[in-house]
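Reading the structure
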Amino acid sequence: MTEQPVPESRTYRHLKCGNETVVSDQPFELVSNPMSSMEETQCSTCNAMFPMSDFEWADTGESISDYYARHTKNATGRQRFLCSKKFMVGLLAMFSLMTTVGIYLLVANDALFTRAICVLGGLMIGAMIGMAVFVSCFANPIKRKVCGVSDTRLLT
Ligand SMILES: [Zn+2]
């Protein structure tokens, strides 16, 4: 399998106003990912968010919701769940809670201020760990498997 270079951007058209928006970098990664469960994206002319079905890729003329459906038709219910926002939120909450409890036990006898700072820090650190686990253990490997590419920006 030869490795194609990953495109830097792609253009989609907002059907209601007919204008095109170029996406690159992280927004491009998100919009190109059929497993990202994106519901809305930005039109740069209207300067607002609209449902994915209101947009089509400028190069293929395929609506973005059809593109999502086509590239995820082989995904199992379990794979969809493990990439969903619901699972992501649950994972973040679980890591936040575990980290906070762990840190709190270390400072349980300290002043209220110290404990408050440690609880806030624990929630933030836990959420960051949870996000990293979600992306590297679930979202990324599953989208690669379902879509059959190393990077969803390669999909057309
Ligand atoms: Zn528009």
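Cut-offs used in this document
Residues numbered from 1 in each chain as written. Predicted model: local features only at pLDDT ≥ 70, side-chain atom pairs only at ≥ 80, totals over all residues. Heavy atoms only, no water. Pairing = 2+ DSSP bridges. Helix = DSSP H or I, 4+ residues; strand = E, 2+ residues; numbered from the N terminus. Axes fitted to C-alpha atoms, helices over the stretch in contact; angles between N-to-C directions. Contact = heavy atoms within 4.5 Å. Domains from an automatic or database assignment. Buried area = accessible area lost by both parts, 1.4 Å probe. Salt bridge = Lys/Arg side-chain N within 4 Å of Asp/Glu carboxyl O. Polar contact = N/O pair within 3.5 Å; in protein donor to acceptor, adjacent residues only side chain to side chain. Nonpolar A, V, L, I, M, F, W, Y, C, P; charged D, E, K, R; others polar.

**A few points about the sheet that holds strand β2 (residues 20-24)**
With respect to topology, three strands assemble into an open sheet ordered β2-β1-β5, the strand pairing being antiparallel. Each edge of the open sheet carries a strand with a single partner, namely β2 and β5 (55-57). Within this sheet the neighbouring strands show an average axis-to-axis angle of 35°, counted without direction. Pairing between strand β1 (residues 9-14) and β5: three bridges, direction antiparallel. Paired with Tyr12 across the bridge in β5 is Trp57. Contacts between helix α1 (residues 25-32) and the sheet are confined to β1, β2 and β5, with β2 contributing the most and set at about 105° to the helix. Helix α2 (residues 64-71) rests against β1 and β5 of the sheet, and its axis sits at about 65° to β5.

**A word on the packing of α1 against α2**
Between α1 and α2, the shortest axis-to-axis distance is 10 Å and the interhelical angle comes to 65°. On α2, the residues touching Leu30, Val31 and Ser32 of α1 are Ile64, Tyr67 and Tyr68.

**Details of the domain arrangement of the protein chain**
One can read the domain layout of the protein chain as domain 1 (1-73) and domain 2 (75-156). Each of domain 1 and domain 2 has a C-alpha centre, and the two are 26 Å apart. Taken residue by residue, the interface counts 19 residues in domain 1 and 16 residues in domain 2. Taken over both partners, the interface formed by domain 1 and domain 2 buries close to 1600 Å², and the fraction arising from carbon and sulfur atoms is 54%. The three residues of domain 1 that bury the most area against domain 2 are Val6, Met35 and His71, which together make up 34% of that side's buried surface. At the boundary of domain 1 and domain 2, one finds one salt bridge. Between Arg153 and Glu29 there is a salt bridge, with its nearest N and O atoms 3.8 Å apart. Put simply, domain 1 and domain 2 have seven residue pairs in polar contact (both at pLDDT 80 or more) between them. Counting only elements with at least two residues in the side of domain 1 that touches domain 2, the list comes to α1 and α2. Top element by residues in the side of domain 1 that touches domain 2 is α1. It accounts for four residues. Its residues placed into classes, the side of domain 1 that touches domain 2 shows seven nonpolar, six polar and six charged.

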